[in-house]
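Below, each chain spelled out in residue letters.
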Amino acid sequence: MPVTNDPVDVLIIGAGASGAAVAWSLAETRMRIVCLEQGDWQQSSRYPSTGRDWEARQAEDYAIHPNRRAMPADYPVNDDDSPIKIANFNGVGGGTILYAGHFPRMHPSDFRVRSLDGVADDWPIDYATLEPYYALNDRMMGIAALEGDPAYPPKEAVMPPMPLGSTGEMLGRAMNELGWHWWPSDSAITSRDYEGRAACINLGHCGHGCAQGAKASTDVTYWQEAMRARVEVRTKCRVSRIETNDDGMATGAWYFDGDGREVFQPAEIVIMACNGIGTPRILLNSASERFPNGLGNSSGQVGRNLMFHPYALVRGRFDRPLDGYRGSRVFMWSMEFYETDPARDFLRGYCYQFTRGNAPATTALNGLGDGLLPWGEGHHAAFRRLFDHQAGMIAICEDLPEEINRVTLDPSLKDANGIPAPKITYRLSENSQKMLDHSVARGVDILTRAGAKDIITRSPLPYAGWHLMGTARMGNDPRTSVVNAWGRSHDVKNLFIVDGSVFVTSGGVNPTSTIQAIALHVADQIKTRIHDLFD
Amino acid sequence: MTSSTETINDGWGPALSDGERLCLRCVAGAMIPASAVLGMPGADDPAIMADMASSVKRDRPALARLLRGIDEAAGGRLADLDAVAASALLDRLRAADPAGFAVAEAVIARAYYRDDRVLMAIGMEPRPPFPKGFRVDEGDWSLLDPVRDRGPIWRASE
Ligand SMILES: Cc1cc2nc3c(=O)[nH]c(=O)nc-3n(C[C@H](O)[C@H](O)[C@H](O)COP(=O)(O)OP(=O)(O)OC[C@H]3O[C@@H](n4cnc5c(N)ncnc54)[C@H](O)[C@@H]3O)c2cc1C
Ligand code: SF4
């Protein structure tokens, strides 16, 4: 027998990067706000870096792929039909539990792709709209950065940047010799003690949960403040669908609680924050007689235009010892090839995120995969050549939206509660492939200039589907977009979307800074328009 | 040793059988042999093997499959072949099934490179990263001067 809870004013679904930001911002309204999250709170004492078996544990409960983790919080994803596989984390904090914390903003040109380059679409908002929210989000998350980056309009730094280390110095010198842009990365990591969070101690584990609490996962940032302001986070609650009434308004959501009971949570406003895969999945699963193609999908765009950011990797070996496994994963970027250049055979561009070396087992596994580390006699000598002597970069390429790249509901695969799993259909475009090739060639130039040997390249990185965007795009025209310029569904006037689904284009930078800026923007719009929100 | 009928209640299938462990030991020894010169144990060292067999979780089913396949290709037990024949067989099988062997490599490397003796031999302190952390030098920020001097490179959108 399904249970019905007391109604709330605002129901947020998903407690990740965007759900946390929107909850915190709306908390000041004193509305009754509940967030349903399918996962749980994380205990930092369980993070891999606290144990001697840290490298093994990174591939177990804190593995980045949901199909590998297969924890109770996870839902399966059918990504067989995609060269790029999905990575995420399901729990309070969402993907920010595992993210590296590379925190670039999108650039002003990213919001005007059609006007500037004749491809995809312009956003209905621009950099100036988001600028105050980027700045607010930087303060809330505690972003380490250096002011004055010539690749961006001026922006304030909350605290000093992460150290360059010997790797950053060496690569910076090579970039200077080539005359190419580089800068310390905006990093969602505290370089100093900040708002109750201790400074980074260079564990190098940012990608598998930060035991120090230095990395800005939203469980230690926004959620702490939102809960103090009485927002309720209800964990182990997996939403299956959104319910609507005869007026075409959302009335709340059905979910399965931790005991597998089906519960209805009535709400005045429903906000989706389940990420670029989870949100279209629930909207499509909310199909009804009133909304036969899925909720908010009169445009047919729900689930379409999935964008990932195809990644390339370039790694080299150096004669001198470098930082190796010590230090945060993020420290330095290059925007040299970010903006469109008519001289190239592709449109748009990419950024580089430079990388240090790896811990010993990962060094060995990379070496084996790269053909640089043999079995048998030669193993030890070859290992010593690689360990603490590698560095390189990954390229984050702008992925342009294409309707054929999409999320649908898998006809047979289901999660533990019987909710259909998402199915990913994705192919790499010619533009992306050319961009990847360019990024690999220039990456090799950089490492060669820095003196590298044994340069290895990988493109596209198959296990790098961690940026999930575009599947409920924003736009002014209800025929071609799912939500308006302030995140409200064109079809369902009390349904909002704040996660990466709303991206019109992907930019060529990691998305979370922009995802959260959008969530804060949408929250402000809700607050400002509260009296005529549903008109 | 654990018998083939033992199950581990971690949700990742039965424990490795005696035969599978024996085969894994041969594979580990072939992959990372001991080095007397460097004072390093091989990956087939008993303590490393015990740690490896007791900690493998999600990879256990795929690993067990691979090990059974190796023994079968050896005509019974890999352990019964002499070192030269075993090494030649493993080379051939690895070339034919790199993905399958990648599982074994991952399991072996993750257990090997956390052994105290190994870590000290490669210059690491045998401890978890947290809570002591590591030191990374600040670096020379004046290296950014030429980047600043070249001026803005972002593209105006209006
Ligand atoms: C390994 C890795 C590295 C990354 N590195 C970076 C980086 O360096 N920089 C960067 O900008 N980004 C990075 N990312 C991406 C970043 O994590 C995401 O962009 C960000 O978390 C997305 O925010 P979101 O709010 O859209 O969704 P998420 O943070 O994914 O949150 C969605 C939440 O919704 C919950 N949910 C989903 N469906 C349901 C349901 N049906 N019912 C209840 N709850 C549900 C999920 O459990 C999850 O907690 C990385 C991601 C990974 C996995
Ligand atoms: S390097 Fe810093 S941010 Fe990353 S895990 Fe360690 S303490 Fe946390």
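Above: the structure in question.
We now turn to the structure provided with this report. (Residues numbered from 1 in each chain as written. Chains lettered and ligands numbered in written order. Predicted model: local features only at pLDDT ≥ 70, side-chain atom pairs only at ≥ 80, totals over all residues. Heavy atoms only, no water.)

### Here we look at the site of ligand 1
Residues and elements named next belong to chain A.
Here is step 1 of the chain: Taken together, 38 residues lie around ligand 1, and Ser18, Glu37, His102, Val239 and Thr512 are the ones closest in.
Here is step 2 of the chain: Within the backbone of Ala17, a nitrogen or oxygen atom sits 3.2 Å from an oxygen atom of ligand 1.
Here is step 3 of the chain: The separation between a nitrogen atom of ligand 1 and a polar main-chain atom of Val239 is 2.9 Å.
Here is step 4 of the chain: Bound to the protein, ligand 1 loses 96% of the 990 Å² it would expose on its own. (Near = heavy atom within 4 Å. Polar contact = N/O pair within 3.5 Å; in protein donor to acceptor, adjacent residues only side chain to side chain. Areas by Shrake-Rupley, 256 points an atom, 1.4 Å probe, with all protein chains shown as cover.)

### Here we look at the site of ligand 2
Here is step 1 of the chain: Ile189(A), Cys200(A), Ile201(A), Asn202(A), Leu203(A), Gly204(A), His205(A), Cys206(A), Cys210(A), Gln212(A), Lys215(A) and Ser328(A) make up every residue found near ligand 2.
Here is step 2 of the chain: Within the shell around ligand 2, the residues separate by chemical class into 6 nonpolar, 5 polar and 1 charged. (Nonpolar A, V, L, I, M, F, W, Y, C, P; charged D, E, K, R; others polar.)

### Some words on the sheet that holds strand E15 (residues 420-425) of chain A
Residue and element names in this part refer to chain A.
Here is step 1 of the chain: The sheet built from 3 strands is open, its strands ordered E4-E15-E14 with mixed pairing. Only two strands of the sheet have a single partner each, and these edge strands are strand E4 (78-81) and strand E14 (406-414). Going across the sheet, the axis of each strand differs from the next one's by a mean of 40°, ignoring polarity.
Here is step 2 of the chain: Pairing analysis gives 2 bridges linking E4 to E15, with the strands arranged parallel. Residue pairing for E15: Asn78 is matched across the bridge by Lys423.
Here is step 3 of the chain: Across the sheet, helix H8 (residues 275-285) is in contact with E14 and E15; its angle to E14 comes to roughly 70°. (Pairing = 2+ DSSP bridges. Helix = DSSP H or I, 4+ residues; strand = E, 2+ residues; numbered from the N terminus. Axes fitted to C-alpha atoms, helices over the stretch in contact; angles between N-to-C directions. Contact = heavy atoms within 4.5 Å.)

### Some remarks on the sheet that holds strand E10 (residues 311-317) of chain A
All names here are of chain A.
Here is step 1 of the chain: Judged by pairing direction, the sheet is antiparallel, and its 6 strands sit side by side in the order E5-E11-E12-E13-E10-E16 without closing on themselves. Both outer strands of the open sheet, strand E5 (183-184) and strand E16 (453-458), are each paired with one neighbouring strand and no more.
Here is step 2 of the chain: Pairing analysis gives 4 bridges linking E10 to E16, with the strands arranged antiparallel. Following the sheet pairing, Val314 is matched in E16 by Thr457.
Here is step 3 of the chain: Strands in contact with helix H9 (residues 360-370) are E10, strand E13 (390-397) and E16; relative to E16, the strand with the most contacts, it is inclined by about 85°.
Here is step 4 of the chain: Together, E10, strand E12 (350-355), E13 and E16 form the strand contacts of helix H11 (residues 430-449), whose direction differs from that of E10 by roughly 20°.

### What about helix H5 (residues 98-112) of chain B?
Helical geometry note: an α-helix holds 3.6 residues per turn, so side chains three or four residues apart project in the same direction.
Here is step 1 of the chain: Here H5(B) is 15 residues long and its end C-alpha atoms lie 20 Å apart, about the 21 Å a rise of 1.5 Å per residue gives.
Here is step 2 of the chain: Residues of H5(B) that are buried: Gly100(B), Phe101(B), Val103(B), Ala104(B), Glu105(B), Ala106(B), Val107(B), Ile108(B), Ala109(B), Arg110(B), Ala111(B) and Tyr112(B). (Expected span 1.5 Å × (residues − 1). Buried < 20%, exposed > 50% of the residue type's maximum accessible area, 1.4 Å probe, protein only.)

### A closer look at the pattern of salt bridges
Here is step 1 of the chain: Counted by the stated rule, this structure contains 53 salt bridges over all chains.
Here is step 2 of the chain: With its nearest N and O atoms 3.6 Å apart, the salt bridge here joins Asp415(A) to Arg238(A). With Asp415(A) in the loop between E14 and E15 and Arg238(A) in strand E7 (residues 238-244), this pair connects stretches of sequence that are 177 residues apart. Take Asp415(A) and Arg238(A): they sit in the same class, and that class is buried.
Here is step 3 of the chain: Glu125(B) serves as the salt-bridge partner of Lys132(B), at 2.9 Å between the closest nitrogen and oxygen.
Here is step 4 of the chain: A relative accessible area of 55% places Lys132(B) in the exposed class.
Here is step 5 of the chain: Overall, the relative accessible area of 42% leaves Glu125(B) in the partly exposed class.
Here is step 6 of the chain: Through salt bridges with shared partners, a single ionic network connects Arg46(A), Glu60(A), Asp61(A), Arg68(A), Arg58(B), Asp59(B) and Arg110(B). (Salt bridge = Lys/Arg side-chain N within 4 Å of Asp/Glu carboxyl O.)

### Some words on the interface of chain B and chain A
How big an interface is tends to be expressed through the accessible area that disappears when the partners come together.
Here is step 1 of the chain: With 59 residues of chain B in contact, the opposing surface of chain A contributes 69 residues.
Here is step 2 of the chain: Both sides together, the interface formed by chain B and chain A hides about 5,600 Å², and carbon and sulfur atoms give 63% of it.
Here is step 3 of the chain: The interface formed by chain B and chain A contains 5 salt bridges.
Here is step 4 of the chain: Where Arg68(A) meets Asp59(B), a salt bridge forms, and the shortest distance between an N and an O atom there is 2.7 Å.
Here is step 5 of the chain: Where chain B meets chain A, there are 28 residue pairs in polar contact (both at pLDDT 80 or more).
Here is step 6 of the chain: The greatest single-element share of the side of chain B that touches chain A, amounting to 6 residues, is contributed by H5(B).
Here is step 7 of the chain: Residues belonging to the side of chain B that touches chain A are distributed by class as follows: 35 nonpolar, 5 polar and 19 charged. (Buried area = accessible area lost by both parts, 1.4 Å probe.)

### Quick look at the environment of Met49(B)
All names here are of chain B.
Here is step 1 of the chain: Inspection of the secondary structure puts Met49 in helix H2 (residues 46-55).
Here is step 2 of the chain: Here Met49 falls in the buried class, since its relative accessible area comes to 8%.
Here is step 3 of the chain: Distance in space between the C-alpha atoms of Met49 and Ala15 is 14 Å, their sequence separation being 34 residues.
Here is step 4 of the chain: Sequence-distant contacts of Met49, that is, excluding residues within four places in its chain, are made with Arg21, Leu24, Arg25, Ala28, Ala43 and Asp44.

### Let's talk about unusual backbone geometry
Here is step 1 of the chain: For the bond from Ser459(A) to Pro460(A), the omega torsion is -10°, close enough to zero to count as cis.
Here is step 2 of the chain: Within the secondary structure layout, Pro460(A) lies in the loop between E16 and strand E17 (495-497).
Here is step 3 of the chain: Cis peptide bonds are those with omega within 30 degrees of zero, and the linkage from Phe130(B) to Pro131(B) qualifies with 10°.
Here is step 4 of the chain: Structurally, Pro131(B) can be placed in the loop between helix H6 (116-121) and helix H7 (145-149).
Here is step 5 of the chain: In this structure, Asn202(A) is a non-glycine residue whose phi angle is positive, near 60°.
Here is step 6 of the chain: If you trace the backbone, Asn202(A) turns up in the loop between E5 and helix H7 (222-228).
Here is step 7 of the chain: On the basis of relative accessibility, which here comes to 10%, the residue Asn202(A) falls in the buried class.
Here is step 8 of the chain: Positive phi values are uncommon outside glycine, yet Asn275(A) reaches one of about 80°.
Here is step 9 of the chain: As for its position among the elements, Asn275(A) is in helix H8.

### Things to note about the nonpolar core
Here is step 1 of the chain: Within the largest apolar cluster, 140 residues are counted, with the highest numbers of intra-cluster contacts made by Trp223(A), Ile242(A), Ile271(A) and Met272(A).
Here is step 2 of the chain: Per element, the largest residue contribution to this core is 8 residues, and it comes from helix H12 (residues 512-528) of chain A.
Here is step 3 of the chain: Trp223(A) has contacts with Ala15(A), Gly16(A), Gly19(A), Ala20(A), Ala23(A), Cys35(A), Trp41(A), Val92(A), Gly93(A), Thr218(A), Val231(A) and Val233(A), leaving out every residue within four places of it along the chain.
Here is step 4 of the chain: Counting 49 residues, the second largest nonpolar core, distinct from the first, contains Leu67(B), Leu78(B), Ala86(B) and Phe101(B). (Core = buried A, V, L, I, M, F, W, Y, C linked by side-chain atoms within 4.5 Å.)

### What about the pairing of strand E8 (residues 250-256) of chain A?
Residues and elements named next belong to chain A.
Here is step 1 of the chain: Of all 7 residues making up E8, 6 are buried, and the element is well covered by its neighbours.
Here is step 2 of the chain: In textbook terms, the turn of a hairpin is the stretch between consecutive antiparallel strands, and for E7 and E8 this stretch comprises 5 residues, one of which, Gly248, has a positive phi near 75°.
Here is step 3 of the chain: Where E8 and strand E9 (residues 262-272) come together, 5 bridges link them in antiparallel fashion. Looking at the pairing, Gly252 lines up with Pro266 of E9.
Here is step 4 of the chain: Where E8 folds back on E9, the antiparallel hairpin that results is connected by 5 residues, among which Gly260 adopts a positive phi of roughly 80°.

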